[in-house]
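# Examining the three-dimensional arrangement
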Amino acid sequence: MYKIQHHPILDIPESELVTFEYKGQTVQAQKGYTIAAALHQAGFPIHSHSLTGRERSMDCGIGKCGACEMLVDGVVKRICVTKVDGVKKVEEIAHNYLPDTTAVKNEDGVKVYKTQVVIIGAGPAGLACREELNKLNVPNIVIDNNDRIGGQFTMQTHQFFFFEKEQKYGGMRGFDIAKTLAGDDHSGIMLNSTVWDILEGKRVAVKNMEDNSIFFVDANYLVVATGAFPFMPTFENDDLPGVYTAAVVQKMMNLQHTLLGKRILTIGAGNIGYLTSYQAMQAGAQVVAIVEAMDHEGGFPVQANRVRRLGIPIITSHTLLKAIPNEDHTGVVGAVIAECKNFKP
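Read on for an overview of the structure.

Cut-off values and rules
- Residues numbered from 1 in each chain as written.
- Predicted model: local features only at pLDDT ≥ 70, side-chain atom pairs only at ≥ 80, totals over all residues.
- Heavy atoms only, no water.
- 1 Å grid on protein atoms, 1.4 Å probe; cavity = no way out; pocket = protein on both sides within 12 Å on 5 of 7 lines; lining within 4 Å.
- Points joined across faces, edges and corners; volume = space filled by probe spheres on them.
- Helix = DSSP H or I, 4+ residues; strand = E, 2+ residues; numbered from the N terminus.
- Nonpolar A, V, L, I, M, F, W, Y, C, P; charged D, E, K, R; others polar.
- Phe/Tyr/Trp six-rings, centres within 6.5 Å; stacked < 30°, edge-to-face > 60°.
- Buried < 20%, exposed > 50% of the residue type's maximum accessible area, 1.4 Å probe, protein only.
- Contact = heavy atoms within 4.5 Å.
- Pairing = 2+ DSSP bridges.
- Axes fitted to C-alpha atoms, helices over the stretch in contact; angles between N-to-C directions.
- Core = buried A, V, L, I, M, F, W, Y, C linked by side-chain atoms within 4.5 Å.
- Salt bridge = Lys/Arg side-chain N within 4 Å of Asp/Glu carboxyl O.
- Disulfide = S-S within 2.5 Å.

### Looking at the layout of surface pockets
Looking at the second largest pocket, its volume works out to about 450 Å³. Among the secondary structure elements, those contributing two or more residues to the lining of the second largest pocket are α3 (174-180) and α4 (246-255). Of the residues forming the lining of the second largest pocket, the biggest block, 3 residues, is contributed by α3. Of the residues contributing to the lining of the second largest pocket, the split by class is 9 nonpolar, 8 polar and 6 charged.

### A short note on the packing of aromatic side chains
In total, this model carries 3 aromatic pairs according to the counting rule given. Measuring from ring centre to ring centre gives 5.1 Å for Y22 and F44, while their planes differ by 70°; the resulting arrangement is edge-to-face. Here the residue Y22 occupies a position in strand β2 (residues 17-22), and F44 occupies one in the loop between α1 (35-41) and β4 (48-49), the gap between them amounting to 22 residues. F44 carries the same exposure label as Y22, and that label is buried. Seen in terms of ring centroids, Y113 and F215 are 5.5 Å apart; in terms of plane orientation they differ by 80°. Their pairing is edge-to-face. Of this pair, Y113 sits in strand β9 (residues 111-114) while F215 sits in strand β15 (residues 214-218), and the two are 102 residues apart along the sequence. Exposure remark for Y113: the relative accessible area of 30% places this residue in the partly exposed category.

### What to know about unusual backbone geometry
With phi around 65°, N212 is a residue other than glycine that occupies positive phi space. Mapping N212 onto the fold places it in the loop between β14 (203-208) and β15. In this structure N212 comes out as partly exposed when scored by relative accessible area, which is 33%. In this structure, N342 takes a positive phi of about 55° despite not being glycine. N342 gets classed as exposed once you look at its relative accessible area, which sits at 64%.

### Remarks on the environment of T194
With respect to the helices and strands, the residue T194 is situated in strand β13 (residues 193-199). Sequence-wise, T194 and P301 are 107 residues apart; in three dimensions their C-alpha atoms are separated by 38 Å. Non-local contacts of T194, meaning those with residues more than four positions away in its chain, are made with N145, A205, V206, K207 and M209.

### Let's talk about the sheet that holds strand β11 (residues 140-143)
Read across the sheet, 4 strands follow the order β12-β11-β10-β16 without closing on themselves; strand pairing throughout is parallel. Looking at which strands have only one partner, the edges of the open sheet turn out to be β12 (189-190) and β16 (221-224). Summarising the sheet, strand β10 (residues 117-120) and β16 pair through 4 bridges and their orientation is parallel. Counterpart to I120 in the pairing with β16 is V224. Running over the sheet, helix α2 (residues 124-135) touches β10, β11, β12 and β16 and is turned about 160° from β10.

### Topic: the nonpolar core
Side chains of nonpolar character tend, in soluble globular proteins, to be buried together. Membership of the largest hydrophobic core comes to 42 residues, with the highest contact counts inside it found for F20, Y22, I35, L39, I79, V90 and I290. Residue assignment for this core shows that the elements contributing at least two residues are β2, β3 (25-30), α1, β6 (69-72), α4, α5 (271-282), β19 (286-291) and α6 (301-308). Take this core: its biggest share by element is 5 residues, from α1. Once residues within four sequence positions are removed from consideration, I35 is found in contact with F20, V72, I79, T82, K83, V84, V87 and V90. Of all hydrophobic cores here, the second largest spans 14 residues; its members include L127, V142, Y169 and A178.

### Some remarks on the pattern of salt bridges
Per the counting criterion, the structure on display carries 12 salt bridges. D147 is paired through a salt bridge with K83; the nearest N and O atoms lie 3.2 Å apart. Taken together, the residues span a long stretch of sequence, with D147 in the loop between β11 and α3 and K83 in the loop between β7 (75-78) and β8 (89-91) at a distance of 64 residues. In this structure K83 comes out as partly exposed when scored by relative accessible area, which is 31%. One salt bridge in this structure joins E132 and K135, with 3.2 Å as the shortest N-O distance. Here K135 and E132 lie together in helix α2, a separation of 3 residues that amounts to about one turn. Looking at E132, the relative accessible area reads 42%, which means it is partly exposed. Overall, K135 belongs to the exposed group, its relative accessible area being 54%.

### Points about the sheet that holds β14
Taken in spatial order, the 4 strands of this open sheet run β9-β15-β14-β13, and their pairing is mixed. Unpaired on one side and paired on the other, β9 and β13 mark the two borders of the sheet. Shown here is a sheet whose adjacent strand axes are inclined to one another by a mean of 25°, direction ignored.

### Notes on the state of the cysteines
Taken as a whole and assessed by the stated rule, the structure comprises 0 disulfides. Residue C65 stays outside any disulfide, its sulfur separated by 3.7 Å from that of C60, the closest cysteine.

Below is the structure:
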């Protein structure tokens, strides 16, 4: 686990240093970054343990699951989306822990917003929907739990081809495309907020993740544009720290400027595998190989050629059987792969 100091594409900002306590130690972090980034940079990738004592780390890395939930100043929070700002103490959640019941306090009263369409998700799909509704003068509100618009585009450092129908975005990098998706007017976009219930009367309940306030949105129509959820294939030790989905690696690397490892084995020779491997090399890692169970590559040839030029071997007709952990189970030191046919070893 390493802080990325220099990057050929991304600007690595310098920000105020803050500290918090973890396991009796003082952890130093940069303001504006997540607790997960701070702990991984400090060498603490284990966030919880299973009921049988197996070590656990991040799973999705984008705030959609509970794998990285920890006690942050006594409150259960997902550390992959919770910033270090103002945090005093972080603890692992004990198996017998039961949270206290706390009343939600909205000092200014409960706010209720009214609109025609509510869109959940400020990624490319949600913002494209917003764009079309705005053209028709249809009132709408967009809600997203992230602190910026753009969804997966915010994690992409490579240059895109033209979108064929609109002839847009050609040559632009993903994080730059993300900044343009909502135009110059961001009114009606509510970030750092998550929809947690759909109530009677065409009402959705929303929680602001920064101040924990609750508000409601009344709308006649609901559009769900929340994107995909990372999928982990099944193999031995697939649950241990050091085994991560591409979403976790990209989020930590390109947004949190944290490299989860220096020697990486990528599973899957599709576009995501190619791009994540390419981006990892940009960030200073060594990708030892890309392993694909099919007898042919699944990604675009242009993406495959990009990683080949970096000297990364692509091994087809092989599948991953086991990840080999290090002694303290804070990472992996190798893997067992086997030749396969029709996905069977």
